[in-house]
Amino acid sequence: MASRLLILAYLAAIAGAVPPGGGRPQSLSPAALAAPSDGAQLYIAEFGAGQVAVFDIAAQAVRQTIPVPDPPTGLALSADGSRLYVTGGVAAGRVHVVDVRTGRVAASIAAGHSPSAPVLSRDGKTLYVCNRFSSGVSVIDLAAQAEAARIPVTREPVAAALSPDGAHLFVANLLPAGSSNSGDVAAEISVIDTRARRVTARIRLPDGSSGVRGLCVSPDGRYVYATHLLARYQLPASQIERGWIQTNAVAIIDAATLKFVNSVLLDDLNLGAANPWGVVCTADGRHLIVAHAGTHELSLIDRRAFHEKLDRAGRGKVSDVSASASDVLNDMTFLAGIRTRVNLHGNGPRALVAVGHSVYAAGYFSGTLDAVDLRPDHPPEARTVPLGQAGPMTRERRGEMLFHDGQYCLQKWLSCSSCHPSEARPDGLNWDLMLDGVGNAKNTKSLMLAHQTPPTTWTGTRPHAEASVRAGYRYIEFVERPEDDAAAIDAWLKSLQPLPSPHLEAGRLGAAALRGKRVFERTGCAACHTGPHFTDRKQHQLGTGTGREQDTAFDTPALIEVWRTAPYLHDGRAATLKDLFAAPGLPAPHGLAATLTAGEIEDLIAFVLSL
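Residues numbered from 1 in each chain as written. Predicted model: local features only at pLDDT ≥ 70, side-chain atom pairs only at ≥ 80, totals over all residues. Heavy atoms only, no water.

S.K.: Please set out helix 10 (residues 598–609) residue by residue, giving values where relevant.
M.R.: End to end, helix 10 covers 16 Å across 12 residues, agreeing with the expected 16 Å (1.5 Å per residue, within 8%). Among the residues making up helix 10, those that are buried are Ile601, Asp603, Leu604, Ile605, Phe607, Val608 and Leu609. (Helix = DSSP H or I, 4+ residues; strand = E, 2+ residues; numbered from the N terminus. Expected span 1.5 Å × (residues − 1). Buried < 20%, exposed > 50% of the residue type's maximum accessible area, 1.4 Å probe, protein only.)

S.K.: Any details on the pairing of strand 1 (residues 30–34)? Residues and values, ideally.
M.R.: Across the 5 residues that make up strand 1, a large majority, 4, are buried. Inspection of the sheet shows strand 1 paired to strand 2 (residues 41–46) by 4 bridges, in the antiparallel sense. When the sheet's bridge partners are listed, Ala34 is paired in strand 2 with Tyr43. Hairpin connection of strand 1 to strand 2: 6 residues between the antiparallel strands, including Gly39 at a positive phi of 65°. (Pairing = 2+ DSSP bridges.)

S.K.: Explain unusual backbone geometry to me, using residue names and the numbers behind them.
M.R.: Put simply, Pro454 and Pro455 share a cis peptide bond, and its omega is 0°. Its place among the elements puts Pro455 in the loop between strand 31 (442–443) and helix 5 (465–476). In this structure, Gln60 takes a positive phi of about 55° despite not being glycine. Among the secondary structure elements, Gln60 is positioned in the loop between strand 3 (51–56) and strand 4 (61–67). The class of Gln60 is partly exposed, set by a relative accessible area of 27%. Within the chain, Glu423 stands out as a residue other than glycine whose phi angle is a positive 50°. Mapped onto the elements of the fold, Glu423 is located in the loop between helix 4 (416–419) and strand 30 (430–431). Overall, Glu423 belongs to the buried group, its relative accessible area being 17%.

S.K.: Let's hear about the sheet that holds strand 4: which residues, and what values?
M.R.: In spatial order, the strands read 1-2-3-4; together these 4 strands make up an open sheet with antiparallel pairing. With partners counted over all chains shown, the strands left at the sheet margins are strand 1 and strand 4, one partner each. Each adjacent strand pair in this sheet contributes to an overall mean axis angle of 25°, direction not counted. (Axes fitted to C-alpha atoms, helices over the stretch in contact; angles between N-to-C directions.)

S.K.: Mind laying out the sheet that holds strand 10 (residues 126–131), listing which residues take part and the relevant values?
M.R.: As summarised here, the arrangement of the 4 strands in space is 9-10-11-12, forming an open sheet in which the pairing is antiparallel. Bordering the open sheet on either side are strand 9 (115–120) and strand 12 (146–152), each of which pairs with just one other strand. Pairwise comparison of adjacent strand axes, ignoring direction, gives a mean angle of 25° for this sheet. Inspection of the sheet shows strand 10 paired to strand 11 (residues 136–141) by 6 bridges, in the antiparallel sense. Directly across from Val129, in strand 11, lies its bridge partner Ser138.

S.K.: If you had to explain the environment of Ala450 to someone new, which residues and values would you point to?
M.R.: Within the secondary structure layout, Ala450 lies in the loop between strand 31 and helix 5. Through-space distance from the C-alpha of Ala450 to that of Ala558 is 8.9 Å; in sequence the pair is 108 residues apart.

S.K.: I'd like a rundown of the packing of helix 3 (residues 395–403) against helix 6 (residues 483–495), residues and numbers included.
M.R.: Contact pair helix 3 / helix 6: the axes reach a minimum separation of 7 Å and the direction vectors enclose 105°. Between helix 3 and helix 6, the crossing angle belongs to the class labelled roughly perpendicular. Where helix 3 approaches helix 6, its residues Arg395, Glu396, Arg398, Gly399, Glu400, Leu402 and Phe403 are matched on the opposing element by Asp484, Asp485, Ala487, Ala488, Ile489, Ala491, Trp492, Leu493 and Ser495. When its residues are assigned to classes, the contact of helix 3 with helix 6 shows 8 nonpolar, 2 polar and 6 charged. (Parallel < 35°, antiparallel > 145°, perpendicular 65-115°, else oblique. Contact = heavy atoms within 4.5 Å. Nonpolar A, V, L, I, M, F, W, Y, C, P; charged D, E, K, R; others polar.)

S.K.: Residue-level account of the pattern of salt bridges, with values.
M.R.: Under the criterion given, the structure shown has 32 salt bridges. Of the charged contacts, one joins Arg303 and Asp220 as a salt bridge, the two residues approaching to 3.9 Å between their closest N and O atoms. With Arg303 in helix 2 (residues 303–315) and Asp220 in the loop between strand 18 (215–217) and strand 19 (223–231), the pair connects residues that are 83 residues apart, well separated along the chain. Taking the relative accessible area as the measure of exposure, Asp220 reaches 45% and is therefore partly exposed. Salt-bridge contacts for Arg481 lead to Asp485; the nearest nitrogen and oxygen are separated by 2.6 Å. Note on Arg481: relative accessible area 29%, which makes it partly exposed. Residues joined in a network through salt bridges with shared partners are Arg132, Glu156, Glu423, Arg425, Glu561 and Arg564. (Salt bridge = Lys/Arg side-chain N within 4 Å of Asp/Glu carboxyl O.)

S.K.: Could you give me a rundown of the pairing of strand 28 (residues 368–373), with the residues and numbers involved?
M.R.: Within strand 28, 6 of the 6 residues are buried, which leaves it mostly tucked inside the rest of the structure. Judged by which residues are buried, strand 28 turns out to be covered on both faces: Thr368, Asp370 and Val372 on one side and Leu369, Ala371 and Asp373 on the other are all buried. The pairing of strand 27 (residues 358–363) with strand 28 spans 6 bridges and is classified as antiparallel. Each residue of the ladder has a partner; that of Ser358, found in strand 28, is Asp373. If you look at the hairpin formed by strand 27 and strand 28, you'll find 4 residues sitting between the two strands, and Gly367 has a positive phi there, around 65°.

What follows is the structure in structure tokens.
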């Protein structure tokens, strides 16, 4: 019962609403869209309300809502339109099979931890599901209503798309994996051979790529597009104009060779396009469309002109900025003349779907649906329809909305979530912030429990998280905001609950973790990692500093959810806990290879990863 209450509390916190059945109107939080081939209606996964809405396109209204057992995160529709596959759940994730005719859940199929982004095979017999915190893809046999295989991928898969011939499944991994002090840190696209049921290619995005949210394949099957952030983490975060801290991009992958082609910036020279999320191609291939969740707009890109320009970049000079293909990912003029930015009325567009001559975007925070007519003789203006009655805008919900909103940033380059893209957890990068001088890059910290475990920052520079939130506006977004905005963000961050670890066994510590708990206590780990959050909230000089920080004392990090916050140490040099505990030469108390057996280290890791 305690585990279920924890999960419900987590779902309520990230949705800004009480769980389904909570007894009051809820934030709708539309998170995914699907449409049948006839284009008569849309299916909308309303995460906050725990239901799927059926939107009648002709009537421009919701005509039905279908309750589902878990807050829905993703949708896939069968080719004949008779069955809707809905992902949901947390540690015990599930796929719910909805009979569209009756509007009822006909079956539920077990999946992995926090499933989303379901994709149907071309023959309709297999469903692929991204299990975000299991870091794998479930292959579900729909006839048997059971998982037939699980394929490991890199880290936090959140989007997927199938090639037209069904031979390859492309999977977007949200965050980079590995150490963050290597000088080349980037998220990847995993390519699964659907026949062999294994990853056969890993396509690395440019250095600084994180927050990979959206993925689609062109109708002709030639290209794959993935939206991502492109962090300029190699530079001190001393100014934001013209993308000195964070830029926003779409990557292009050759689907035949499985090779990275390029990444194109979606920003203009003095106007960022924060937090690109969903991406789709129109069925005729004319448009590539990107939703910008941070600036509440769409980018409508002429796809033919886009690729003609990319081809010219491969052969020589394209503009005053791009003399070669390698220059493109720094060229903020590349899309000039071939892209239209369309302002939406909804807030936080994430999910996109193209139907007929229109594209639809769901506003996650506004509970609205924006439609843009793509016909050449129609102005690209958004028409907005509310999806239903939403609950009151609580302070926590407003804080979540502000945390993700890039409109308040100078020139709209980023939001708080740009560096904390995983529900306020870190991006896996090192940043050289100005609070301790230049040349002291530090790994991004999780903000979950930051208010409960002061001080903040790796060196305890700021006395509490409230100070850090306000400094984020002032020194990262370069704006002054009303105190009430910062207080709302405080309220949301305080409401966040830790997610159950994927390393638990039936919600409890496994045998190895129980042995590791005894190792944890015997070796003195609990001296510093103490209390309910496993931190003494003090700074210690442990010999992990380098260069000018050789003698620096670093804050004791909380260990709750440490399974989610790799890499480790202040400079992110340890890609895994094994790198931290078993690496030769690392001083005690973290370097334990000289005092523990290999089995004891594995048990210790099992315990810490279960917290």
